[in-house]
Amino acid sequence: MTAVAHTATETTTPLLIRGVRPYGEGEPVDLRIAEGRIAEIGPGLAAEDAEVLDAGGLVALPGFVDLHTHLREPGREDAETIDTGSAAAALGGYTAVFAMANTDPVADNAVVVEHVWRRGREVGLVDVHPVGAVTVGLAGEKLAELGAMARSSARVRVFSDDGQCVADPLIMRRALEYTKALDAVVAQHAEEPRLTVGAQAHEGETAARLGLTGWPAAAEEAVVARDCLLAEQVGARLHVCHVSTAGTADVLRWAKRRGVRVSAEVTPHHLLLTDERLTSYDPVNKVNPPLRTERDVTALRRALAEGVLDCVATDHAPHAPQDKDCEWAAARPGMLGLQTALSVVVEALVRPGLLDWRGVARVMSERPAEIAGLADQGRPLAAGEPANLALVDPDTRWTVRASELASIAGNTPYEGMELPAAVAATVLRGRVTAYQGGIRA
Amino acid sequence: MKHLLSAENLDRDTATALLDTADHLKRTLLGREVRKLPTLRGRTVLTVFYENSTRTRVSFEVAGKWMSADVVNVSATGSSVGKGESLRDTALTLSAAGADCVILRHPASGAAHRLATWLDGTPTAVVNAGDGTHEHPTQALLDAATLRERLGSLAGRRVAIVGDVLHSRVARSNVRLLATLGAEVTLVAPPTLLPAGVERWPVAGISHDLDAELPGLDAVMLLRVQAERMHGGFFPSAREYSIAYGMNETRLRRLPEHAVVLHPGPMLRGMEISSSVADSPRSAITEQVRNGVHVRMAVLYHLLAGEEHAE
């Protein structure tokens, strides 16, 4: 039997969530959860036999969906495993994550994606959806068996060579065309490889001063423009990973106006941090695409609020200490993100008034679920809907400590930073997976 | 001063003190048969070079030896560096082995900064002897010492830095130090060899026309063009580069009488600079090398003998 994405049939203890404000709106209500679904919403519901979760003052949102997570298993279990990455996801308010294909071996075949899918189910803290590679070995030369991965028990619906750009325009065109038949989407890591040979940092004043080879904005924008035109030409859907420049936002605005079926994500770090941080040469700030300028950050925040950028995706990228505790050029690019994403979004968008909690639900849950075609995620908070929830404490502040995060790796750029808002509890199909900073296995 | 990592972080007083010490050391040693001072006896100085370099390594080694320090040369090929040991482990090992000072040459920009971070809490000082395309502060100091000797003072002096600014750590260090010392720097290069954002550097001007700049200059500093740049599409050919940016006899005549020509070496004769210019009295190239030793002695002195002895 093909395993359909989890349906709400798992037996769980009934749960009564007391005193939450759905989407941070209106008077506090209670949520009765039974058999994995929201059974009833209203004030003063009776507890009966349910476990009561006192959620006074918390904001209820649909569980977050991350289209871009590196769980590193198989291959780099010294940095992250599906166990630890799932824990980080649950603690970050996530109920579904998409595990990128650049593992070792690469997830470019049904065997590897089914392995990841099965391991995710065994751990059971978050729905782990494997992303399949677009090309064999991420080499950009030959299409991987996309159909076999789509038809496998993992039911792959997102394909990406993330970490590498599908640079060959003909291969990209074929991938876009071929995935139309699979009801799937190609997620492009937009990086023109000839323009980024040896690139180490955003091409601009900081890189020039620090003597780091520049990663020009045009290397991203040119590929996004090309792929939008290709997607339009063949009538396919395109998803753009980790948009990092103001110019890409402009290209996407243009393409969407034209009717191109394109969606795009932005990472929390590109919404908050700039290349000014590179002055220390600490590779914890090394990430691909690189941290850009204040101007880009401002434009990305606005584009996300406007809907030009559809969603926030973490690009959670754990790296072992030896891959970061070295000279800049030798360090691997990437940052942890799952447990800090919500707080960064609150800091970058909610506090400045660019997004309300409805907007947070849209960019962290509803849109990513739609893009990936998940029927049971990103649903409204309403009776009868799957009980996938993130309960957020909007008023708290916390200080990020790598040693306190669930990931094996500690490469968070937010170390020592105080951030607003925290995930108080996460509910996956009616079962509490994370509660007050701890995992409920 | 705990380390010397960049010219950018050198303030005017520190830079001037280093140059004064170098000058003092030069005069002290002038005409001596035995050029050895006892100042750093018992101190251990390591040169750790991850890139081939003859002139810089020899210059530091001679500087250390003239100060009576024990100088050990660690080369990237003959040590555990070749076995894949991390830079951090190498740094901690060398520090634990008793290094008072590590002089690092490394292909990665920022390597010396990282080393200093890892050695925080140890007594080991770090000197950046060239990190990637970032900085080479002792080169800028020796250039400043040479210019000071030739021109008297640097304040208000007009210096052109010509060539591959994009990939040059010498250019980055010189731009910062010359600005700190009050000189007016003009960068002269084809647009392909200037980094994006260069207009925000502390320079008086950016030019693509060397001939137009020459008559107003007090000094021309030529940068070396590395072979891989010639094949990287940064300019069409060595010949075209030489025609537009090479220093030759004709261009020398366009310079004011007093103006001086510098080159950090190694020189590509016939391309960056014609032999007749390199060997002319207007060129200060051998003085640069000579001053390099005194400047590096001064740096070791300030780092290892302590500020209080530096006067």
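Residues numbered from 1 in each chain as written. Chains lettered and ligands numbered in written order. Predicted model: local features only at pLDDT ≥ 70, side-chain atom pairs only at ≥ 80, totals over all residues. Heavy atoms only, no water.

- In the annotation of an unreviewed UniProt entry, chain B is listed under the name Aspartate carbamoyltransferase and assigned to Gandjariella thermophila.
- Taken from UniProt, the Catalytic activity (unreviewed entry) comment for chain B reads in full: "carbamoyl phosphate + L-aspartate = N-carbamoyl-L-aspartate + phosphate + H(+)".
- As stated in UniProt under Pathway (unreviewed entry), the record for chain B gives "Pyrimidine metabolism; UMP biosynthesis via de novo pathway; (S)-dihydroorotate from bicarbonate: step 2/3." (UniProt positions renumbered as here; feature names shortened; annotations may be inferred.)

- Labelled according to an unreviewed UniProt entry, chain A appears under the name Dihydroorotase, originating from Gandjariella thermophila.
- Taken verbatim from the UniProt record of chain A, the Pathway (unreviewed entry) comment is "Pyrimidine metabolism; UMP biosynthesis via de novo pathway; (S)-dihydroorotate from bicarbonate: step 3/3."

### Overview of the overall build of chain A
Phase 1 of the analysis: Along its length, chain A carries 11 helices and 19 strands.
Phase 2 of the analysis: In terms of C-alpha radius of gyration, chain A reaches 21 Å, essentially the compact-globule figure of 22 Å for 441 residues.
Phase 3 of the analysis: Across its three principal directions, the C-alpha atoms of chain A cover 65 × 50 × 45 Å.
Phase 4 of the analysis: Evaluated residue by residue, chain A yields a buried proportion of 63% over its 441 residues. (Helix = DSSP H or I, 4+ residues; strand = E, 2+ residues; numbered from the N terminus. Rg over C-alpha atoms; globule rule 2.2 N^0.38 Å. Buried < 20%, exposed > 50% of the residue type's maximum accessible area, 1.4 Å probe, protein only.)

### A look at the domain arrangement of chain B
Residues and elements named next belong to chain B.
Phase 1 of the analysis: Annotation of chain B at the domain level lists domain 1 (7-135 + 289-309) and domain 2 (137-284).
Phase 2 of the analysis: Computed from C-alpha coordinates alone, the two centres of domain 1 and domain 2 are separated by 26 Å.
Phase 3 of the analysis: At the interface, 30 residues of domain 1 touch 24 residues of domain 2.
Phase 4 of the analysis: Here domain 1 packs against domain 2, burying approximately 2,200 Å² in sum over the two surfaces, 58% of which is carbon and sulfur.
Phase 5 of the analysis: Summed over the shared surface of domain 1 and domain 2, the number is three salt bridges.
Phase 6 of the analysis: Between Arg-169 and Glu-51 there is a salt bridge, and its shortest N-O distance comes to 2.9 Å.
Phase 7 of the analysis: When residues of the side of domain 1 that touches domain 2 are traced back to their parent elements, those giving at least two are α1 (12-29), α2 (55-66), β3 (101-106), β4 (125-131) and α12 (285-305).
Phase 8 of the analysis: The element best represented in the side of domain 1 that touches domain 2 is α1, accounting for eight residues.
Phase 9 of the analysis: The residue makeup of the side of domain 1 that touches domain 2, split by class, is nine nonpolar, nine polar and 12 charged. (Domains from an automatic or database assignment. Contact = heavy atoms within 4.5 Å. Buried area = accessible area lost by both parts, 1.4 Å probe. Salt bridge = Lys/Arg side-chain N within 4 Å of Asp/Glu carboxyl O. Nonpolar A, V, L, I, M, F, W, Y, C, P; charged D, E, K, R; others polar.)

### Quick look at the packing of aromatic side chains
Phase 1 of the analysis: Counted by the stated rule, this structure contains three aromatic pairs over all chains.
Phase 2 of the analysis: Between Phe-235 of chain B and Tyr-241 of chain B the ring centres are 5.1 Å apart and the planes differ by 40°, which places this aromatic pair in the tilted class. Accessibility classification places Phe-235 of chain B together with Tyr-241 of chain B in one group, the buried group.
Phase 3 of the analysis: A network of ring pairs unites the aromatic residues Phe-235, Tyr-241 and Tyr-245 of chain B as a single cluster.
Phase 4 of the analysis: For Arg-358 of chain A, the ring lying beneath its charged end belongs to Tyr-23 of chain A, and the centroid distance is 3.8 Å.
Phase 5 of the analysis: The positively charged end of Arg-296 of chain B is found above the aromatic ring belonging to Phe-60 of chain B, 4.8 Å away from the centroid. (Phe/Tyr/Trp six-rings, centres within 6.5 Å; stacked < 30°, edge-to-face > 60°. Lys NZ or Arg CZ within 6 Å of the ring centre and 35° of its normal.)

### Observations concerning the UniProt feature "active site" (unreviewed entry) in chain A
Residues and elements named next belong to chain A.
Phase 1 of the analysis: In the UniProt entry, the feature "active site" (unreviewed entry) is given for Asp-315.
Phase 2 of the analysis: By the element assignment, Asp-315 lies in the loop between β15 (311-312) and α10 (341-350).
Phase 3 of the analysis: Beyond its immediate sequence surroundings of up to four residues, Asp-315 is in contact with His-68, His-70, Asp-162, His-242, Thr-267, His-269, Asn-288 and Met-335.

### Some remarks on the UniProt feature "domain: Dihydroorotase catalytic" (unreviewed entry) in chain A
Phase 1 of the analysis: Sequence positions flagged by UniProt for "domain: Dihydroorotase catalytic" (unreviewed entry) are, in local numbering, residues 59-245 of chain A.
Phase 2 of the analysis: Measuring from the first to the last C-alpha atom of residues 59-245 of chain A gives 32 Å, for a span that is 35% helix and 18% strand.

### Overview of the interface of chain B and chain A
Phase 1 of the analysis: Facing the 19 residues of chain B at the interface are 17 residues of chain A.
Phase 2 of the analysis: Together, Ser-109, Arg-114 and Ala-196 of chain B form the three largest contributors to the area buried by chain B at its contact with chain A, with a combined 34%.
Phase 3 of the analysis: At the boundary of chain B and chain A, one finds four salt bridges.
Phase 4 of the analysis: Of the charged contacts, one joins Asp-282 of chain A and Arg-114 of chain B as a salt bridge, the two residues approaching to 4.0 Å between their closest N and O atoms.
Phase 5 of the analysis: Scanning the region where chain B abuts chain A turns up nine residue pairs in polar contact (both at pLDDT 80 or more).
Phase 6 of the analysis: Those elements that place two or more of their residues in the side of chain B that touches chain A are α3 (87-96), α4 (111-118) and α6 (169-180) of chain B.
Phase 7 of the analysis: Element by element, the count of residues in the side of chain B that touches chain A is highest for α4 of chain B, at three residues. (Polar contact = N/O pair within 3.5 Å; in protein donor to acceptor, adjacent residues only side chain to side chain.)

### Focus on the pairing of β3 of chain B
Residue and element names in this part refer to chain B.
Phase 1 of the analysis: In terms of burial, β3 is largely enclosed, as six of its six residues are buried.
Phase 2 of the analysis: Both β3 and β4 contribute to a ladder of five bridges, which runs parallel. Among the inter-strand pairings, Val-102 is bridged to a residue of β4, identified as Val-126.
Phase 3 of the analysis: On the question of chirality, the crossover connecting β3 to the parallel β4 by way of α4 is right-handed. (Pairing = 2+ DSSP bridges. Right-handed = clockwise from strand over helix to strand, strands pointing away.)

### A closer look at the environment of Ser-283 of chain B
Residues and elements named next belong to chain B.
Phase 1 of the analysis: Note on placement: Ser-283 falls in the loop between α11 (275-278) and α12.
Phase 2 of the analysis: Judged by its relative accessible area of 8%, Ser-283 is buried.
Phase 3 of the analysis: Sequence separation between Ser-283 and Leu-252 is 31 residues; the distance between their C-alpha atoms is 9.9 Å.
Phase 4 of the analysis: Those residues in contact with Ser-283 that lie beyond four places of it in its chain are Arg-150, Val-261, Val-277 and Ala-278.
Phase 5 of the analysis: There is a polar contact of 2.9 Å between the side chain of Ser-283 and the backbone oxygen of Ala-278.

### Here's the deal with the packing of α1 of chain B against α12 of chain B
Residues and elements named next belong to chain B.
Phase 1 of the analysis: Relative to each other, α1 and α12 sit at 120°, their axes nearing to 8 Å. Judged by the sense of rotation from one axis to the other, the crossing of α1 with α12 is right-handed. Judged by residue contacts, Ala-17, Leu-18, Thr-21, Ala-22, Leu-25, Lys-26 and Leu-29 of α1 engage Asn-291, His-294, Val-295, Met-297, Ala-298, Val-299, Tyr-301 and His-302 from α12.
Phase 2 of the analysis: Residue composition of the contact of α1 with α12, by class: 10 nonpolar, four polar and one charged. (Axes fitted to C-alpha atoms, helices over the stretch in contact; angles between N-to-C directions. Left-handed = near helix turned anticlockwise from the far one by under 90°.)

### Let's talk about the UniProt feature "binding site: L-aspartate" (unreviewed entry) in chain B
Residue and element names in this part refer to chain B.
Phase 1 of the analysis: Here the UniProt-annotated "binding site: L-aspartate" (unreviewed entry) positions come out as Lys-83, Arg-169 and Arg-224.
Phase 2 of the analysis: Take Arg-169: it is sitting in helix α6.
Phase 3 of the analysis: Apart from the residues within four sequence positions on either side, Arg-169 is in contact with Glu-51, Arg-105, His-106, Gly-130, Asp-131, Gly-132, Thr-133, His-134, Glu-135 and His-136.
Phase 4 of the analysis: Polar side-chain contacts of Arg-169 include one of 3.0 Å to the backbone oxygen of Gly-132.
Phase 5 of the analysis: Arg-224 sits in the partly exposed class, given a relative accessible area of 35%.
Phase 6 of the analysis: The contacts of Arg-224, once residues within four sequence positions are left out, are Asp-164, His-263, Gly-265, Pro-266 and Glu-272.

### Some points on the sheet that holds strand β9 (residues 260-262) of chain B
Residues and elements named next belong to chain B.
Phase 1 of the analysis: The five strands are arranged β7-β6-β5-β8-β9 in an open sheet whose pairing can be described as parallel. With one partner strand each, in any of the chains shown, β7 (205-207) and β9 form the two edges of the open sheet. Pairs of neighbouring strands in the sheet enclose a mean axial angle of 20°, with direction left out of account.
Phase 2 of the analysis: Note that strand β5 (residues 158-162) and strand β6 (residues 184-188) share five bridges and pair parallel. Residue pairing across strands places Ile-161 opposite Leu-187, the latter belonging to β6.

### Quick look at the nonpolar core
Phase 1 of the analysis: Ile-17, Leu-252, Leu-342, Met-364 and Leu-391 of chain A are the most contacted members of the largest nonpolar core, which has 127 residues in total.
Phase 2 of the analysis: Of all the elements, α10 of chain A adds the most residues to this core, at eight residues.
Phase 3 of the analysis: Ranked by size, the runner-up nonpolar core spans 89 residues in total, among them Leu-177, Ala-183, Ala-259 and Leu-262 of chain B. (Core = buried A, V, L, I, M, F, W, Y, C linked by side-chain atoms within 4.5 Å.)

### A look at helix α6 (residues 217-234) of chain A
Residue and element names in this part refer to chain A.
Phase 1 of the analysis: Over its 18 residues, α6 runs 26 Å from end to end, which matches the ideal 26 Å to within 8%, given 1.5 Å per residue.
Phase 2 of the analysis: Within the sequence span of α6, burial applies to Ala-219, Glu-220, Glu-221, Val-223, Val-224, Asp-227, Cys-228, Leu-230, Ala-231 and Val-234.
Phase 3 of the analysis: Summarising the contacts, the buried residues of α6 are in contact with α4 (169-180), β10 (185-188), β12 (214-215), β13 (238-240), α7 (246-258) and β14 (262-266).
Phase 4 of the analysis: Gly-235 lies just past α6 and shows a positive phi near 65°. (Expected span 1.5 Å × (residues − 1).)

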